[in-house]
Each structure stands twice: as C-alpha cells, then as structure tokens.
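Next come the chains, spelled out residue by residue.
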Amino acid sequence: MDIKLVCHTARNAVIEIADGGRYFTKKPYRVLVNGEEIFTTEKTVNSLYGLKPDENYRVEVFDGEEKSGETVFRTDYEFVTLDVRRFGAKGDGVQDDTPFLQAAILACPENSRVLIPAGTYRISSLFLKSHTRIELAAGAELKAFTEKEKFPVFPGMIESYDEKDQYNLGSWEGNPLPMYTGIICGVGVEDVVIYGQGTINGNASKENWWKNAKGYKDVFRPRLFFINGCKNVILQGVNCCNSPAWTLHPYFSNDLKFIDLNIQNPSDSPNTDGLDPESCKNVEVLGVRFSLGDDCIAVKSGKIYMGRKYKTPSENIHIRQCLMEDGHGAVTLGSEMAGGIINLIVEDCIFRHTDRGLRIKTRRGRGKDAVLSNIVFRNLDLDHVMTPLVVNSFYFCDPDGRTPYVQSREAYPVDDRTPSIKKMVFENMKCTNCHVAAAFFDGLPEQKIEEIVMRNVSVSYAENPKCDVPAMSEGVPKCSKKGLFARNVAKLILDNVTIEGQDGEAYELIGVDSLEEK
C-alpha cells in the first residue's frame, strides 16, 4: 500500500491512502502525525489541518496495530497571518463582512495566510488576489446575501478601444453574457489556495435565486465559485452548498486542483452543477463528493461563438477517487463544447443514484472544432445509475434544438457546423441496479463515432426498474432493461461485456461498420 502526499501549504496537507479502494478505503485506518493519533478514516483522500509553518512532519497510517505506510514532508514558510477579525469582520451572521474580508485579502503579502475563524460571515462577492492562502477554519461559514443589488455585474463582452478585440468577463451556458459576480471570484490571478474545514454557503433557495430560475435574462445568476483567466488555483477541503447556479465554474483557466471537497445542493435545485470546467487545461479533481440537482461534473468549452473565436478546448482533465450521488449525470461532456474536449480520464470513482454515468451531449451546429477525443472511463462502480453510458449526438438544446437540422437521422453534408467524436474507452466497470439501458450510443450518420471500446464491463438491472428515456433527443422511446444500443459507430470493440437480465436482445446495433467481440 502506498501513502501519497497530494499537496501541502504552511498549515495543511492532503494525503492519499492508495489501498485499491474507490473513494472509500477497503478498511478503516488510523492516521498518526508525528506519533500522535489524529483520526481514523475510511476515505482514500484525507486532509490534515492545524500544522505549523516550516516544520517537518511524518504521517503514518496503521491497519490496527500494524503499520501500513508513511510519508514525510516539510510545511511551507509563512510570513504572517491576517485574522479577518482584526480587520473589522464580526462573523455574527448580521453585519455585512464583505469589505473587511476583502481588505484582509488585498492586504495579504506573499507567503502569508488570511485566516477566517469560526463564525458566520455575511458576504456578497469576495475577489481573490494572487499569491494568497485563505484558510476557512472549522466552524467558519461564508453565508452569501441573496439580494441581487448587492452583487456587481460582469458584462459579457467589452469591446477594445480600437474595436479590434474584446474582453470577456461574464458567461452563461457557453455564451458571453452578463452575470452577477461569483460569491468567490477571481480574474487573472495565480498561485491561490483556498482550504479548510469551513463552509461556503450560497444561501440560495426557492425563495430567491431558484425562484423562477429561467427568468434571469438581463443578468444571469452568480456561481458560488467563479474564476476567469486564472492559473495555479487550489480549492481544498471546504464544504460548498446551496449555490445560486453552477457551483464551481473555472473559465479559461489552467492548472487547477479541486481536492477533498463536499459539494451539496438539493436534488431539485435548478442548474446547480457541481463543477463545470469550461475551456480549461490541466484540471485535477480528487476525492470530491457530489450530491446536487444537476450534473455532478459537466465539462464544457463554449457554444459556437466562443468555440470559433477562441478555439480553446477543455483538455487534460483527470477525475479520480470521487463519489457522485443524486445528480443528472455523474460526468457530462457538453452540450456547450464547441471548442472541443481532449484527454479526459475518469477513474477509481463511485457513481450512485445518478440518471447517467457518462453523458455526452452534442448536436449539429456545435462546429468542426467540437471534437471529443481520448475519453477514458475505467475502474468504476456504478449503483442505481439509470443508464451508465450515453453518447447523444442529437441533444435538443437551444431554440433550434428540435428542428429537422438538429434531430434528423438522415445524413447531412459535413461542413463547418458538424461536430465529431473520436475514440472512447470504457473498462473495468461494474454497473448494478441499472434501470433504463446498459448503454446508448447515437452518432451522426454523416460523421460516425470513430471508435468505442468496452472492456471488462458488467451490467445488471434493478428488480423493479424505472422506465425512462435513455437520452434526451427526439424519437427516443421510454424503456427499461434495454441492452446496448449503438447507432452510427464506425468501430465497436466489445471485450468481456456482460449484460444480465435485460429485456430483449443484449445488443441492438444499427449502422455499426465494424464490430469486434471478444
């Protein structure tokens, strides 16, 4: 067994207990720091707090009395700690503490910490600063106001003085549109770590942001965490809940880590995706628990305007050791992905009670840059997932989503509006208590899915399965206990794929050019 040091600052660290478990370890372990027992854990990814700067630490992990492994490290140097209480914040749940917390962040020098101790801090938007460490201590809650007049507005596009370029700040569902600033917000910052045991509470409910959720047209709902054009940002340990819209939305940002978070929104909350990296590169998602009202993770790269203008895919995204519960899709790609999605790996995760496991949503009109390439799902446990694998090239989004151009199963000419799906690999997946279908792959007749590999995949159905549509497009009937459906796939490789207890045939293949079954 391997004990890995994931990351550390002057005051905290994260370790990974690699015993072969997925999100949960295979057995309980005792964790000792410099010889003192700190806690017992059944999670693979664990955060350590209360460390001191510039000191050596030895973390040992024990299975009962037997030592299983250890790691050693030295915490970072720290210059000063800025306690927000000394800046005027009260944390009494009444005073608007936004300016006092903002003053502490702006005044923080390099190699230093902003400390938010226990208390309830009412805020609107806090803006991040480069080279800052922010600790949200145990018992600390950032509780957002819900009056929209308290939030600044990011315009969608601002034209340059010479009218030759644009500056994009605001975004909504893949288009450059005005939005209220995020509760935690960063623009063009780098080297930022936000960590701790506290909570960021968007405070949204059906009495405010979620009431008439589709009625926001002039300025769109804020995200709980929004960064634009940032790099080297870590969000670790904190609880995120009740987001007004998407919870974590990194936008055109690179080198990001989301570690050991708990993201929770009510199951009926509208558009409260957990994490939506949009046109981002080098993103690590590790040890995160999701339970919410929409997709747990939705990877995006803009609608057609943003895709054509910036040609910035989301790429090199690694999702592992995560628990995804009660969402529409565990990991969704699209539908706003006109810039493409390249090199995405999802491994060693658990999906429970989500509508779908993998959910790809694309359609004609996304454009020639809307390329999905090298998508890998492996070493996954799925339980009560209605349809584990869905690839839908006819997703009926946008005003024209139900037109013949988008929905027709007849071949159209391949042109600048045609998206493409390259190779996808699904291996070592155990899917139990499924309901609707084992897999539903629906490619474009004029641009078939190039290759799908399913290796060591087992699917079994719930005793009383629900009946529903496996994919959101026209002409797809409701079903339950359907096997593997594949249409317009150039190459399909099935290696040790078992589907138990389905209704009818295990495989329904239409327009599959090449089938290799092993």
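Computed from a prediction, not measured in an experiment: that's the story for all the values here.

Thresholds, definitions, all that
- Residues numbered from 1 in each chain as written.
- Predicted model: local features only at pLDDT ≥ 70, side-chain atom pairs only at ≥ 80, totals over all residues.
- Heavy atoms only, no water.
- Core = buried A, V, L, I, M, F, W, Y, C linked by side-chain atoms within 4.5 Å.
- Buried < 20%, exposed > 50% of the residue type's maximum accessible area, 1.4 Å probe, protein only.
- Helix = DSSP H or I, 4+ residues; strand = E, 2+ residues; numbered from the N terminus.
- Contact = heavy atoms within 4.5 Å.
- Pairing = 2+ DSSP bridges.
- Polar contact = N/O pair within 3.5 Å; in protein donor to acceptor, adjacent residues only side chain to side chain.
- Arc of directions from axis to C-beta.
- Axes fitted to C-alpha atoms, helices over the stretch in contact; angles between N-to-C directions.
- 1 Å grid on protein atoms, 1.4 Å probe; cavity = no way out; pocket = protein on both sides within 12 Å on 5 of 7 lines; lining within 4 Å.
- Points joined across faces, edges and corners; volume = space filled by probe spheres on them.

Draft legend 1. Structural view of the nonpolar core. Core analysis: the biggest nonpolar cluster contains 104 residues, and Phe-290, Phe-351, Phe-377 and Phe-441 have the highest contact counts within it. In terms of residue count, the dominant contributor to this core is strand β42 (residues 482-500) (seven residues). The residues touching Phe-351, leaving out its near neighbours within four places in the chain, are Met-324, Ala-330, Val-331, Val-346, Gly-357, Phe-377, Leu-380, Asp-381, Leu-382, Asp-383 and Val-385. Judged by nonpolar contacts, the second largest core, of 13 residues, contains Leu-48, Leu-51, Tyr-57 and Val-59.

Draft legend 2. Molecular detail of the pairing of strand β14 (residues 140-144). Residue alternation in β14 divides its side chains into a buried set, Ala-140, Leu-142 and Ala-144, and an unburied set, Glu-141 and Lys-143. The pairing of strand β11 (residues 119-123) with β14 spans five bridges and is parallel. Pairing of Thr-120 across the sheet is with Glu-141, part of β14.

Draft legend 3. Representation of the side chain of Thr-75 in the model. Mapped onto the elements, Thr-75 comes out in the loop between β7 (66-74) and β8 (81-83). Within the local environment of Thr-75, its side chain forms a polar contact with the backbone oxygen of Lys-52, the two atoms lying 2.6 Å apart. A distance of 2.9 Å separates a polar atom in the side chain of Thr-75 from the backbone nitrogen of Asp-54. Ignoring anything within four residues of it in the chain, the contact list for Thr-75 reads His-8, Thr-9, Ala-10, Leu-51, Lys-52, Pro-53, Asp-54, Glu-55 and Tyr-57.

Draft legend 4. Focus on helix α1 (residues 98-107). All of the buried residues in α1 are Thr-98, Leu-101, Gln-102, Ala-104 and Ile-105. An end-on view of α1 places all buried positions within 160° of arc, on one side of the element.

Draft legend 5. A look at the environment of Gly-202. Among the structural elements, Gly-202 can be located in the loop between β21 (199-201) and β22 (225-228). Judged by its relative accessible area of 0%, Gly-202 is buried. C-alpha separation for the pair Gly-202 and Met-429, spaced 227 residues apart in sequence, amounts to 35 Å. Here Gly-202 is in contact with Ala-144, Thr-146, Ile-183, Leu-224, Cys-241, Asn-242, Ser-243 and Pro-244, once residues within four sequence places are set aside.

Draft legend 6. Examining unusual backbone geometry more closely. Looking along the chain, the bond that leaves Gly-334 and enters Ser-335 is cis, with omega of 0°. Mapped onto the secondary structure, Ser-335 falls in the loop between β33 (329-334) and β34 (341-352). Located in the positive-phi region is Asp-255, a residue other than glycine, with phi close to 60°. For Asp-255, the location among the structural elements is in strand β26 (residues 254-259). Owing to a relative accessible area of 34%, Asp-255 belongs among the partly exposed residues under this scheme. The backbone of Asn-343 shows a phi angle near 60°, a positive value even though the residue is not glycine. Within the fold, Asn-343 resides in strand β34. Judged by relative accessible area, Asn-343 falls into the partly exposed class, the value being 28%.

Draft legend 7. Structural detail: the sheet that holds strand β6 (residues 56-63). Ordered in space as β4-β3-β6-β7, the four strands form an open sheet in which the pairing is antiparallel. Since the sheet does not close on itself, it has two edges, and those belong to β4 (36-43) and β7, each with one partner. Across the sheet, the mean angle from the axis of one strand to that of its neighbour is 25°, orientation sign disregarded. With four bridges joining them, strand β3 (residues 24-33) and β6 adopt antiparallel strand pairing. When the bridges of β6 are listed, Arg-30 appears paired with Phe-62.

Draft legend 8. Local environment of empty space enclosed by the protein. Tallied over the full model, the rule gives three cavities of 30 Å³ or more. Roughly 90 Å³ of volume is contained in the largest cavity. Looking at the largest cavity, it is lined by 13 residues, and the ones nearest its centre are Ile-116, Leu-126, Ile-134, Leu-142 and Ile-184. Among the elements of the structure, α1, β10 (113-116) and β13 (132-136) are those that each provide at least two residues to the lining of the largest cavity.

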